[in-house]
Amino acid sequence: MSKVVCKTKRIGGGFGGKETRSAFLAAAAAVPSYLMNRPVKLTLDRDIDMITTGQRHSFLGKYKVGFTNKGKVLALDLEIYNNAGNSLDLSLAVLERAMFHSDNVYEIPNVRIFGSVCFTNFPSNTAFRGFGGPQGMLIAENWIQRIALELKKSPEEIREINFQGEGSILHYGQQLEHCTLAPIWNELKVSCDFLKVREEVDGFNLHNRWKKRGIAMIPTKFGISFTTKFMNQAGALVNVYTDGTVLVTHGGVEMGQGLHTKVAQVAASAFNIPLSSVFISETSTDKVPNASPTAASASSDMYAAAALDACEQIKARMEPIASQHNFGSFAELVTACYLERIDLSAHGFYITPNIGFDWSTGKGKPFSYFTYGAAFAEVEIDTLTGDFHTRTANIFMDLGYSLNPAIDVGQVEGAFIQGLGWVALEELKWGDAAHKWIPPGCLYTCGPGSYKIPSLNDVPFKFNVSLLKGNPNVKAIHSSKAVGEPPFFMASSVFFAIKDAILAARAETGHTGWFPLDNPATPERIRMACLDEFTAPFVSSDFHPKLSV
Ligand code: MTE
């Protein structure tokens with residue numbers, strides 16, 4: 001490892017897909033490079049990449065929930081099955097995060113969760129934004145919605161009476177501290193005028209037979225830290241030069257999430273110099289060794305803290321000189337230090353404190369803290385074609401004192417639209433008994449030619465992102481919070497708004513009970529779920545389309 005230097009300038013987006021799967025390509029390129037003693041570049045076509053490098057894990061959830069007549073949840077007995085594909089890769093860790101997030105934000109006095117990784121004839125599935133968390137939370141929101149329908153109450157009411165709050169003890173023993181779920185939910189509810197919109201939507205549905213509208217408000221709580229404890233460590237190297245510029249190298253990879261900008265901001269503020277004086281050139285194993293993957297959304301928390309540690313060391317060394325004179329500029333101070341033979345380079349290190357989980361007892365504190373959010377969505381469906389569009393999406397996130405609101409709002413918007421693909425558009429088709437013309441276990445939908453990805457048309461007509469104000473996070477750098485993955489699940493508000501609209505359509509033919517709607521809610525599924533005289537000859541009211549795996 002000390003003889004091979006691995007460098008990454010930036011990657012053009014990863015979202016998890018490059019966390020482990022890049023190693024196979026690197027190895028494949030390394031063999032001819034070694035044999036021919038020359039550089040080898042390997043670029044996969046989009047379809048080959050999609051066919052071979054794996055997808056988000058599909059999950060199957062089976063639940064039994066006990067609840068009172070008021071809708072208070074008493075017990076959950078849950079089995080979750082994770083489709084790993086043909087190798088373990090990260091599937092166990094993905095399953096673990098799904099199990100940790102199977103409560104979403106709800107108090108459940110008695111919980112039993114059984115998780116299983118399934119070995120299948122698919123290409124090995126891998127990390128994708130949320131890493132099992134969204135799958136676990138989606139299953140939770142399904143049983144919440146089912147309780148509401150059984151009791152003929154609104155899902156939002158069931159959510160509210162089961163909310164966790166400050167001091168809640170989670171099913172794995174962690175206690176919630178600085179929980180901002182209630183203020184986020186309340187601000188969202190006021191901002192979207194939920195009760196008024198409910199009335200308007202009901203009025204619209206009363207007067208329209210073939211178009212239906214639906215709404216939903218969904219909360220989220222996402223645990224921040226790698227659930228594997230040793231990975232929560234980060235290093236950085238800070239070099240200060242005599243012209244007053246600073247070169248920072250850290251173990252994190254820039255993939256469009258703005259990590260380098262955030263780390264540079266923290267270094268600039270530590271030295272009280274302009275951002276333009278700080279440069280991050282690349283990530284390189286000869287500058288910072290043994291880096292963890294840039295994942296789990298915690299990179300700015302950890303690498304900014306490691307960089308700050310290095311900056312503080314250099315500042316402490318400069319302090320005796322700085323206190324002797326009033327220097328006209330940072331460059332003058334640095335030059336004076338240099339002439340005094342002061343070391344202007346430092347290695348910084350950070351470990352996330354007070355975390356740990358014991359799998360033998362099933363108890364511990366796997367997460368340093370949680371990022372909370374809530375989203376409202378209103379959709380309109382065409383019951384004859386199954387087409388839909390999102391009329392409004394309002395999202396509230398608690399990102400503490402955001403390190404960079406422009407980056408963070410971009411992350412929330414991007415995660416939501418990416419999540420929209422997951423919940424409503426992107427249905428994968430594999431070779432199986434229902435698709436005999438595709439070789440068994442092979443992916444047919446390997447590019448935008450054969451399946452639908454989110455595009456400009458899918459952006460909600462009204463799309464608002466707000467950050468909760470006035471709640472500093474004591475657990476992370478400069479009171480900020482991690483943002484990368486948590487907002488992804490907010491797109492499930494669109495899924496449940498679609499389900500709400502389908503309920504209105506089914507009510508027209510006298511079907512008012514719960515019905516299964518699996519992720520993603522594609523136009524085909526929406527159409528077939530809207531029972532009417534056109535579907536009656538083909539499907540019964542308990543029709544359950546084939547699962548997407
Ligand atoms: N944003 C962009 N533009 N591109 C990406 O690949 N990856 C996401 C998120 N945001 C990603 C992104 C994922 S899956 C994660 S875990 C985090 O960024 C990783 O970076 P962070 O730890 O700095 O948040």
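Residue positions are counted from 1 within each chain, in the order its sequence is given. Only residues with pLDDT of 70 or above have their local features reported here, since the model is predicted, and side-chain atom pairs are shown and tallied only from 80 upward, although totals for entire chains, interfaces and linings are computed over all residues. For side-chain calculations, the full set of non-hydrogen atoms in the structure is used, while hydrogens and water are omitted.

UniProt positions are given in the numbering used here, feature names are shortened, and annotations may be inferred rather than shown by experiment. Heading Sequence similarities (unreviewed entry) of the UniProt record for the protein chain holds this comment: "Belongs to the xanthine dehydrogenase family."

Asks: Whenever I open this one, the overall build of the protein chain confuses me. Can you help?
Replies: Segments assigned H or I by DSSP are reported as helices when at least four residues long, segments assigned E as strands when at least two residues long, and all are numbered from the N terminus. Helix and strand counts for the protein chain stand at 13 helices and 15 strands. Only the C-alpha atoms count toward the radius of gyration. The rule for a globule is 2.2 Å times the residue count to the power 0.38. Here the C-alpha radius of gyration of the protein chain, 25 Å, is about what a compact globule of 549 residues would show, namely 24 Å. In this analysis, two residues are considered to be in contact whenever any of their non-hydrogen atoms come within 4.5 Å of each other. Taking as baseline every contact in the protein chain between residues at least 6 positions apart, the subset at least 24 positions apart corresponds to 77%. Here the accessible surface of atoms and residues is derived via Shrake-Rupley with a 1.4 Å probe, and residues count as covered only by protein chains that are part of the display. Entry remark: accessible area of the protein chain is about 24600 Å², with carbon and sulfur atoms responsible for 57%. Charge assignment: positive for Lys and Arg, negative for Asp and Glu; neither His nor the chain ends contribute. Where a charge sits is defined by one atom per residue type, namely NZ (Lys), CZ (Arg), CG (Asp) or CD (Glu). Considering the protein chain, the positive charge centre built from 50 side chains and the negative charge centre built from 53 side chains are found 3 Å apart.

Asks: Explain the layout of surface pockets to me, please; I cannot follow it from the model alone.
Replies: In this approach, a probe sized like a water molecule rolls over the atoms, and the result shows the empty space that is left. Residues are called lining when one of their atoms sits within 4 Å of a cavity or pocket point, these points coming from a 1 Å grid over the protein atoms alone, where a cavity is a set in which a 1.4 Å probe fits but cannot get out and a pocket is an open set with protein on both sides within 12 Å along at least five of seven lines. Grid points are joined across faces, edges and corners, and a volume is the space filled by probe spheres set on the points. One number sums up the size of the second largest pocket: a volume of about 560 Å³. If you go around the second largest pocket, you meet 21 residues; those closest to its centre are Leu149, Lys153, Arg198, Asp500 and Leu503. No other element matches the five residues that helix 12 (residues 492-507) contributes to the lining of the second largest pocket. Classes in brief: Ala, Val, Leu, Ile, Met, Phe, Trp, Tyr, Cys and Pro nonpolar; Asp, Glu, Lys and Arg charged; the others, Gly included, polar. Split by residue class, the lining of the second largest pocket holds nine nonpolar, five polar and seven charged.

Asks: What's the story with the packing of aromatic side chains in this structure? I'm lost.
Replies: Two measures describe an aromatic ring pair: the distance that separates the ring centres and the angle between the ring planes. Here is the rule: rings of Phe, Tyr and Trp (six-membered ring for Trp) pair when centre to centre is within 6.5 Å. Planes less than 30 degrees apart are stacked, more than 60 are edge-to-face, and the remainder are tilted. Following the criterion strictly, the structure yields 22 aromatic pairs and no others. Aromatic side chains phenylalanine 100 and tyrosine 172 sit 4.7 Å apart centroid to centroid with 75° between the ring planes, which places their arrangement in the edge-to-face category. You can see phenylalanine 100 sitting in helix 3 (residues 91-100) and its partner tyrosine 172 sitting in the loop between helix 5 (155-161) and helix 6 (181-192), a full 72 residues away along the chain. Note on tyrosine 172: relative accessible area 2%, which makes it buried. Ring centres 5.0 Å apart and planes at 85° place the aromatic pair tryptophan 437 and tyrosine 444 in the edge-to-face group. Take tyrosine 444: its relative accessible area is 39%, and that puts it in the partly exposed class. Aromatic ring contacts, followed pair by pair, group Phe100, Tyr172, Phe357, Trp359, Phe367, Phe370 and Tyr372 into a single cluster. The buried label applies to any residue whose accessible area, calculated with a 1.4 Å probe on protein chains only, is under 20% of its type's maximum; exposed applies above 50%, and partly exposed to all values in between.

Asks: Mind showing me how you'd approach the site of the ligand here?
Replies: Around the ligand there are 15 residues in total, and Gly14, Phe15, Met255, Ser299 and Gln411 lie nearest to it. Note that an oxygen atom of the ligand is positioned 3.0 Å from one of the backbone N or O atoms of phenylalanine 15. Take arginine 129: an N or O atom from its side chain is 3.3 Å from a nitrogen atom of the ligand. Bound to the protein, the ligand loses 92% of the 520 Å² it would expose on its own. We call a residue near a molecule or strand when any one of its heavy atoms sits within 4 Å of it. Polar contacts, as counted here, are pairs of nitrogen or oxygen atoms within 3.5 Å of one another; within protein the pair requires one atom able to donate a hydrogen and one able to accept it, and residues that are adjacent in sequence qualify only if both atoms are side-chain atoms.

Asks: Quick question: what am I supposed to make of the nonpolar core here?
Replies: Nonpolar side chains tend toward joint burial in soluble globular proteins. Of all hydrophobic cores here, the largest spans 50 residues; its most connected members are Ile381, Phe388, Ile498 and Ile502. For this core, the secondary-structure elements that each account for two or more residues are helix 4 (133-151), strand 5 (211-224), strand 13 (369-382), strand 14 (388-397), helix 11 (405-425), helix 12 and helix 13 (523-529). Non-local contacts of isoleucine 498, meaning those with residues more than four positions away in its chain, are made with Val379, Ile381, Phe388, Ala424, Ala521 and Ile526. Only buried Ala, Val, Leu, Ile, Met, Phe, Trp, Tyr and Cys residues count toward a nonpolar core, and they belong to the same one when joined by side-chain atoms within 4.5 Å. In this structure, Ile80, Leu170, Leu181 and Phe357 belong to the second largest nonpolar core, which totals 48 residues.

Asks: Any chance you could explain the sheet that holds strand 2 (residues 59-67) here in plain terms?
Replies: What links the strands of a sheet is backbone hydrogen bonding, and the strands pair in either a parallel or an antiparallel sense. A pair of strands is labelled paired if DSSP reports no fewer than 2 bridges between them. Ordered in space as 2-3-4, the three strands form an open sheet in which the pairing is mixed. Both edges of this open sheet fall to strand 2 and strand 4 (110-119), since each of them pairs with a single strand only. The average undirected angle you get between the axes of adjacent strands in this sheet is 5°. Pairing of strand 2 with strand 3 (residues 73-85), which is carried by nine bridges, proceeds in the antiparallel orientation. Looking at the pairing, valine 65 lines up with leucine 76 of strand 3. Lying over the sheet, helix 3 contacts strand 2, strand 3 and strand 4, oriented at roughly 160° with respect to strand 4. The convention used is that axes are lines fitted to C-alpha atoms, helices contributing only their stretch in contact, and that angles between N-to-C directions extend from 0 to 180 degrees.

Asks: Please explain unusual backbone geometry as it appears in this structure.
Replies: A negative phi angle is the norm for most residues apart from glycine, just as the trans form is the norm for most peptide bonds. The amide bond that connects asparagine 519 to the next residue, proline 520, takes the cis arrangement and shows omega of 0°. Locating proline 520 in the fold gives a position in the loop between helix 12 and helix 13. Despite not being glycine, alanine 296 has its phi angle at roughly 65°, a positive value. Within the fold, alanine 296 resides in the loop between strand 9 (283-284) and helix 9 (299-322).

Asks: Just checking my understanding: could you explain helix 10 (residues 330-339) for this structure?
Replies: Since the α-helix advances by 3.6 residues per turn, residues separated by three or four positions end up pointing in the same direction. Within helix 10 the residues assigned to the buried category are Phe330, Leu333, Val334, Ala336 and Cys337. When helix 10 is viewed along its axis, its buried side chains cluster within an angular range of 160° and face the same direction. Facing away from the buried surface of helix 10 by more than 90 degrees, the exposed residues are Tyr338 and Leu339. Residues of helix 10 that are buried in the fold lie against strand 6 (233-240), strand 7 (246-250), helix 8 (259-271) and helix 9. Of the residues flanking the end of helix 10, it is arginine 341, one or two places downstream, whose phi is positive at about 60°. Here, the arc refers to the directions that run from the helix axis to the C-beta atoms.

Asks: Help me understand the pattern of salt bridges, please; the structure alone is not making it clear to me.
Replies: Once the charged atoms of two side chains with opposite charge are near each other, the side chains can pair. What makes a salt bridge here is a side-chain nitrogen of Lys or Arg within 4 Å of a carboxyl oxygen of Asp or Glu, nothing more. According to the stated counting rule, one finds 29 salt bridges in the structure shown. For lysine 7, the salt bridge goes to glutamate 282, with nearest N and O atoms at 3.8 Å. In this pair, lysine 7 is assigned in strand 1 (residues 7-8) and glutamate 282 in the loop between strand 8 (278-279) and strand 9, connecting sequence segments 275 residues apart. A single salt-bridge network, built from bridges that share partners, covers Glu141, Glu156 and Arg159.

Asks: Quick question: what am I supposed to make of helix 1 (residues 22-36) here?
Replies: For helix 1, built from 15 residues, the straight-helix expectation of 21 Å at 1.5 Å per residue is met to within 8% by its first-to-last C-alpha distance of 22 Å. Asparagine 37, located one to two residues past helix 1, shows a positive phi value of around 55°. The span one expects for a helix is its residue count, reduced by one, times 1.5 Å.

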